[in-house]
Amino acid sequence: MSIQNNPPSWKSVMVTRHLPKELSGLERLSKNLWWCWNDSAKTLYRKIDPDIWHKSGHNPRAVLDTVSIKRFEALAKDSAFLSELKAVMTDFDNYMAKKEERKDPSIGYFCMEYGLDASLKIYSGGLGILAGDYLKESSDMNVNMVAVGLLYRYGYFTQVLSAQGDQISKYEPQDFLKIPGEPVLDASGNWLTVSFNFPGRQVHARIWKVSVGRTDLYLLDTDYEANNPEDRQVTHQLYGGDWENRLKQEVVLGIGGVRALRALGIKPQIYHCNEGHAAFIGLERLREYIQNDNLTFSEALEVVRASSLFTTHTPVPAGHDSFDEDMLGRYIGGYPETMHIDWRTLMSLGKLDPDNKYEKFSMSILAANISQNVNGVSMLHGKVSQDIFSNMYPGYLPEELYISYVTNGVHYPTWAAKEWQQIHERVFGSAFKTHHYDKKCFEGIYDVSDEEIWSVRKQLKKDLVKAVVDRISDPIASSHYSPRQAITIKRNLRDDVLTIGFARRFATYKRATLLFSDLDRLDAIVNNPDRPVQFLFAGKAHPADRAGQDLIRQIVEISKQDRFLGKIIFVPGYDINLAKRLVQGVDVWLNNPTRPQEASGTSGEKAAMNGVMHFSVLDGWWVEGYRPGAGWALPQERTYDDQFYQNELDSATIYNIIENDIVPAYYKSRGNGLSKEWVGYIKNTIAHVASNFTTNRMLTDYVNQYYDPQFARSSMIQADDYALARRLAAWKQQMRENWDNIKVVSYTQPAASYSLEPGRNLTSEVVLDLGQIKPEDIGVEMLFTTYDAKGKLHIREICEFQLDEFNEGIAKYSASIFPERTGMYQVATRVYPKNALLPHKQDLPLVKWL
């Protein structure tokens, strides 16, 4: 007789944790990323269960979900643990209480990615890490900032390498129950959402809140049942999909981001667009002022520009996002009607020629047009950006443009090893802990003994070697090395050898394989019996960047050669945790980008925080950071136009510096393994390099250069029912309407040949028929320029003409000039609109050359 068994009736049951009340602080602390840059908090979670802490990737939420109730009950009775918890929570609560002291201006910060911690995978590389560091610093300095971004289901990819060294992009979904973020609920307990239009439908996004110390980060997520499958995928992958998906993401970030802040009752006084991805915030804000405050488009533009800042991170024109006009029409085609303008006017915000249907709409041009100020991210990048955006202002030379720079920095508490932080706390002075300090305090490192400095460096290198060995020992993570090769690597990798690191995004311009131009010479360096050198490589290439992936494969192949095995290693799975180990543990940080394509770069700044010397081309931040005795540099200027020849020269220079400068300094031992010269390099690096490249200095620069001045001007613009905005808009409109009516009656130019002697000035006179324009609204100036070796004009002097007389629309201006230097000048005179209320000349870029 057969027995009939009923199938089981399964029921889903969610079991949630409930910590003993003595440990409730652990739950609260896990919901604020303050823990990730405070070692006392991380130590708490590590002590709960070190193995789970390690396996979770240092994720407190995962630890609390995984550890048994019995373990928590035991900890609730552990007086030592409870005492530590109480101390940490007291520090945390005191820190958070100061949030109430934040002052104006309030800043809205928009970015496509944020690298805050490995437990929140919403970053890919430098832009995200920079933005994450910036939020942490805004919290530490108690700057009144709120941030907006996207919450990606799969984030950026996890890197896996095949046996041949091919990069495999592995996308793993984030468990939103274990991220340091929570749903934002309305007064009725419902999830707060925002909506925006896609072609023929409305799309919805949920709002999440991530607490970054005192700074709130709000993230938008379309991956839920209110949207169709196609729209749910919009926030699946950072920079994933085709160009249309990129446009969708930028609509969500810019338009959806502003609407999210409004749903939360937040209206920042200054809007900071970090890269052009978020430029649609300008369109949404224009729409608000026009619809809600009855401003005209030009009046609203004055208000939006005055309160907007655009930071560009891209050093090449091709790197700026741009979209086809037809595609754009499907997604923002309704905006002209809501702003009472035509399509051409809207297109003029993102195009040089709005009538050219084949010119793509540039998000960076849009961001520049809706922002009063634009800045690059290093001194050199500021100059590069002037060239990139010069086509927007044809009446001006690139070097005249208002585009300036704030050099990037890194968040010291995140990247400096705890061993260094303990020393720095002792010698940097009491003000250092307040995050409001004089950077000269870093010179306190000179008070630390050479022996203590050397001891810290040795320990950090041991920690790095152990971490690399652990990763290479994992056959899943390191399948690019065979078991035999992995054993050899573990045997050959040493913690008493000069170690040089190279880790970053693998793009071709970064020239990751430059070191391998002469393998025999490299062999002699690596395998020197008395003074060996070892190299650690890590980093990811974009999934669509085949050339970048080829670089990784080449390095893996070379690292497998018997002569290099265990001496040159490619460490897979680059993320924040591995980056910290590398910048803290190596002795030298190598960087050799193609000039001038490094906008800033920050990995070398992180290394400097740990007394690791930077060895790089003078590009990006290193142009400002390099100091003799605190690192090494390849020249800033190119020697050859042919890149092949330049690569050959640079690789030879790298070998020479390693052989003749770096290796001798490291191994110049006094018999105890300590090189006094090397320790001197470490101290100089911390005192004079690290001190200048913190986010503390960076945020201070943004506050002083942009946030505070723009807040003052924006307040004036908006006062008395936007009276100044209306006045400026009307004045600009009048100038545009009458500009072409300006006529040159006469123009007396300086003589073509002139002998420079005291008392004999060059003179020039300009007579203009201004028509309806007032003479005080016109500026006339003469430029003295010279050509450089590349045929590029540079301004030597600018001489302003004075108004001599005005009668019935005819204005006479004159100038008397005494040039400072002799030589051949290119001289020209121009007329431009002049108004003391303008923030800079390019705010109304009308120019008439005579």
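Here the structure is shown first, and the text comes after it.
Residues numbered from 1 in each chain as written. Predicted model: local features only at pLDDT ≥ 70, side-chain atom pairs only at ≥ 80, totals over all residues. Heavy atoms only, no water.

*Asks:* Honestly, the overall build of the chain in this entry has me stumped. Any pointers?
*Replies:* A count of helical and extended segments in the chain gives 28 helices and 28 strands. Here the C-alpha coordinates of the chain stretch approximately 110 × 75 × 55 Å along the principal axes. Counting over 850 residues, the chain shows a buried share of 56%. Across the chain, contacts joining residues at least 24 apart in sequence account for 72% of those joining residues at least 6 apart. Between the mean site of the 97 positive side-chain charges and the mean site of the 106 negative ones, the chain shows a separation of 6 Å. (Helix = DSSP H or I, 4+ residues; strand = E, 2+ residues; numbered from the N terminus. Buried < 20%, exposed > 50% of the residue type's maximum accessible area, 1.4 Å probe, protein only. Contact = heavy atoms within 4.5 Å. Lys, Arg positive; Asp, Glu negative; His and termini not counted. Charge placed at Lys NZ, Arg CZ, Asp CG, Glu CD.)

*Asks:* Even after reading the chapter, I still don't get helix H20 (residues 483–492), so can you show me in this structure?
*Replies:* Helical periodicity: at 3.6 residues per turn, an α-helix aligns residues three or four positions apart in one direction. Every buried residue belonging to H20 is among Gln485, Ala486, Thr488 and Ile489, and all of these are buried. Along the axis of H20, the buried residues cluster in a sector spanning 165°; they form a single face. Summarising the geometry of H20, the exposed residues directed more than 90 degrees from the buried face are Pro483, Arg484, Ile487 and Arg491. Those residues of H20 that are buried are in contact with helix H19 (450–472) and strand E17 (568–570). (Arc of directions from axis to C-beta.)

*Asks:* Looking at this model, I keep getting lost on the packing of aromatic side chains. Mind explaining?
*Replies:* Aromatic ring pairs are defined here through the distance separating the ring centres and the angle between the ring planes. Across all of its chains, the model carries 42 aromatic pairs by this definition. Arranged with centres 5.1 Å apart and planes meeting at 85°, the rings of Phe428 and Phe432 form a pair that is edge-to-face. The buried category is assigned to Phe432, whose relative accessible area is 10%. What links up through ring pairs into an aromatic cluster is the set Tyr109, Tyr114, Tyr134, Tyr702, Tyr706 and Tyr707. (Phe/Tyr/Trp six-rings, centres within 6.5 Å; stacked < 30°, edge-to-face > 60°.)

*Asks:* How should I be thinking about the pattern of salt bridges in this particular structure?
*Replies:* When charged atoms on two side chains of opposite charge get close, those side chains can pair. Summed over the entire model, instances satisfying the criterion amount to 54 salt bridges. We note a salt bridge from Lys99 to Asp216, for which the minimum N-O separation is 3.2 Å. Here Lys99, found in the loop between helix H6 (79–97) and strand E1 (107–110), pairs with Asp216, found in strand E8 (residues 215–221); they are 117 residues apart in sequence, far enough to count as distant. In this structure Lys99 comes out as partly exposed when scored by relative accessible area, which is 21%. With a relative accessible area of 11%, Asp216 lands in the buried category. The salt bridge involving Asp843 is made with Lys732; its shortest N-O contact spans 2.6 Å. Taken together, the residues span a long stretch of sequence, with Asp843 in the loop between strand E27 (826–833) and strand E28 (848–849) and Lys732 in helix H28 (residues 695–739) at a distance of 111 residues. One network of salt bridges, in which partners are shared, links Arg201, Glu230, Asp231 and Lys248. (Salt bridge = Lys/Arg side-chain N within 4 Å of Asp/Glu carboxyl O.)

*Asks:* It is not clear to me how the side chain of Lys580 should be interpreted in this structure. Could you clarify?
*Replies:* Here Lys580 lies in helix H23 (residues 576–585). Although Lys580 lies buried, it forms no salt bridge, and the closest oppositely charged side chain, Asp117, sits 4.9 Å away as judged by the N-O distance. Lys580 has contacts with Cys36, Lys42, Thr414 and Trp415, leaving out every residue within four places of it along the chain.

*Asks:* Whenever I open this one, the sheet that holds strand E18 (residues 588–591) confuses me. Can you help?
*Replies:* Two pairing modes exist for strands in a sheet, parallel and antiparallel, and in both the strands are linked by backbone hydrogen bonds. With respect to topology, 6 strands assemble into an open sheet ordered E17-E16-E15-E18-E19-E20, the strand pairing being parallel. Taken across any chain shown, the strands that pair with only one partner, and hence form the sheet edges, are E17 and strand E20 (632–634). Taken over all neighbouring pairs, the strand axes of this sheet differ in orientation by 20° on average, direction set aside. As defined by bridge partners, strand E19 (residues 613–617) adjoins E20 across 3 bridges and the pair is classed as parallel. Looking at E20, one finds that Val617 is bridged to Leu634. Strands strand E15 (498–503), E18, E19 and E20 of the sheet are contacted by helix H27 (residues 676–689), whose axis makes an angle of about 80° with E19. (Pairing = 2+ DSSP bridges. Axes fitted to C-alpha atoms, helices over the stretch in contact; angles between N-to-C directions.)

*Asks:* Would you mind showing me how to read unusual backbone geometry here?
*Replies:* Where the residue is not glycine, phi is negative for most of them; where a peptide bond is considered, it is trans in most cases. Asp104 connects to Pro105 through a cis peptide bond whose omega is 5°. On the secondary structure map, Pro105 appears in the loop between H6 and E1. Even without being a glycine, His435 presents a positive backbone phi close to 70°. Structurally, the position occupied by His435 is in the loop between helix H18 (418–427) and H19. Its relative accessible area of 18% is what places His435 among the buried residues. We note that Arg511 has phi near 50°; this positive angle belongs to a residue other than glycine. Under the relative-accessibility criterion, Arg511 is labelled buried at 6%.

*Asks:* Can you help me understand the pairing of strand E23 (residues 778–787) in this one?
*Replies:* If a strand is regular, its side chains alternate between the two faces of the sheet. Burial within E23 is extensive, with 9 of its 10 residues counted as buried. Pairing analysis gives 8 bridges linking E23 to E27, with the strands arranged antiparallel. Its bridge partner being in E27, Ile778 is matched across the sheet by Pro833. Both E23 and strand E24 (residues 793–800) contribute to a ladder of 7 bridges, which runs antiparallel. Considered in E24, the bridge of Leu783 is made with Ile798. Where E23 hands over to E24, the hairpin turn is made up of 5 residues, of which Gly791 adopts a positive phi near 80°.

*Asks:* Please explain the packing of H19 against H23 as it appears in this structure.
*Replies:* Helix-helix packing is characterised by the crossing angle of the two axes and by the distance between the axes. Packing of H19 against H23 brings their axes to within 8 Å, and their N-to-C directions diverge by 140°. Crossing hand, H19 versus H23: left-handed. Across from Arg457, Leu460, Lys461, Asp463, Leu464, Ala467 and Arg471 in H19, the residues of H23 making contact are Leu578, Arg581, Leu582, Gln584 and Gly585. Of the residues in the contact of H19 with H23, the class split is 5 nonpolar, 2 polar and 5 charged. (Left-handed = near helix turned anticlockwise from the far one by under 90°. Nonpolar A, V, L, I, M, F, W, Y, C, P; charged D, E, K, R; others polar.)

*Asks:* Looking at this structure, I do not really get the state of the cysteines. What am I missing?
*Replies:* Considering all chains together, one arrives at 0 disulfides under this definition. Not engaged in a disulfide, the cysteine Cys111 finds its nearest cysteine sulfur in Cys273; these two sulfurs lie 8.8 Å apart. Its relative accessible area of 0% is what places Cys111 among the buried residues. A residue is classified by how much of its surface remains accessible, and Cys273, at 2% relative accessible area, is buried. (Disulfide = S-S within 2.5 Å.)

*Asks:* Would you mind showing me how to read the packing of helix H10 (residues 280–292) against helix H11 (residues 297–306) here?
*Replies:* One way to put it is that H10 packs onto H11 with a least axis distance of 9 Å and a crossing angle of 125°. By the angle between their axes, H10 is oblique relative to H11. You can see that H10 and H11 cross each other, and the crossing is right-handed. Where H10 abuts H11, its residues Gly282, Arg285, Leu286, Tyr289 and Ile290 lie against Phe297, Ala300, Leu301, Val303 and Val304. (Parallel < 35°, antiparallel > 145°, perpendicular 65-115°, else oblique.)

*Asks:* I would appreciate a short explanation of the sheet that holds E24 in the present structure.
*Replies:* One open sheet accounts for 4 strands, arranged E24-E23-E27-E28; its pairing is antiparallel. Because the sheet does not close on itself, it has two edges, and the strands there are E24 and E28. H28 rests against E23, E27 and E28 of the sheet, and its axis sits at about 125° to E27.

*Asks:* Help me out: how do you make sense of the nonpolar core in this one?
*Replies:* One broad trend across soluble globular proteins is that nonpolar side chains are buried collectively. Formed by 166 residues in total, the largest nonpolar core has its most connected members in Tyr707 and Ile778. Considering each element in turn, this core owes the most residues, 14 residues, to H28. Sequence-distant contacts of Ile778, defined by excluding residues within four places in its chain, comprise Met735, Trp739, Ile742, Leu768, Leu770, Ile773, Tyr813, Val831, Tyr832 and Lys834. Grouped together as the second largest cluster of nonpolar side chains are 101 residues, Leu493, Leu536, Ile657 and Tyr681 included. (Core = buried A, V, L, I, M, F, W, Y, C linked by side-chain atoms within 4.5 Å.)

*Asks:* I'm lost on the side chain of Asn592 in this one. Help?
*Replies:* With respect to the secondary-structure elements, Asn592 resides in the loop between E18 and helix H24 (603–608). Polar side-chain contacts of Asn592 include one of 2.6 Å to the backbone oxygen of Arg511. Setting aside residues no more than four positions away along its own chain, Asn592 makes contact with Phe502, Tyr509, Lys510, Arg511, Ala512, Leu514, Val617 and Ile654. (Polar contact = N/O pair within 3.5 Å; in protein donor to acceptor, adjacent residues only side chain to side chain.)

*Asks:* For this particular structure, what's the right way to read the pairing of E15?
*Replies:* The buried fraction of E15 is high, at 6 of 6 residues. Here E15 shows a buried face lined by Leu498, Ile500 and Phe502 and a second buried face lined by Thr499, Gly501 and Ala503. Across 6 bridges, E15 lies against strand E16 (residues 533–538) in parallel orientation. Bridge pairing in E16 links Phe502 to Phe537. Once the chain exits E15 it traverses helix H21 (residues 519–526) before rejoining the sheet at E16, and the crossover so formed is right-handed. Sheet topology note: the E15/E18 ladder contains 2 bridges and is parallel. Each bridged residue has a counterpart across the sheet, and for Ile500 the counterpart in E18 is Val588. (Right-handed = clockwise from strand over helix to strand, strands pointing away.)

The values reported here are purely geometric and, on their own, carry no functional implication.
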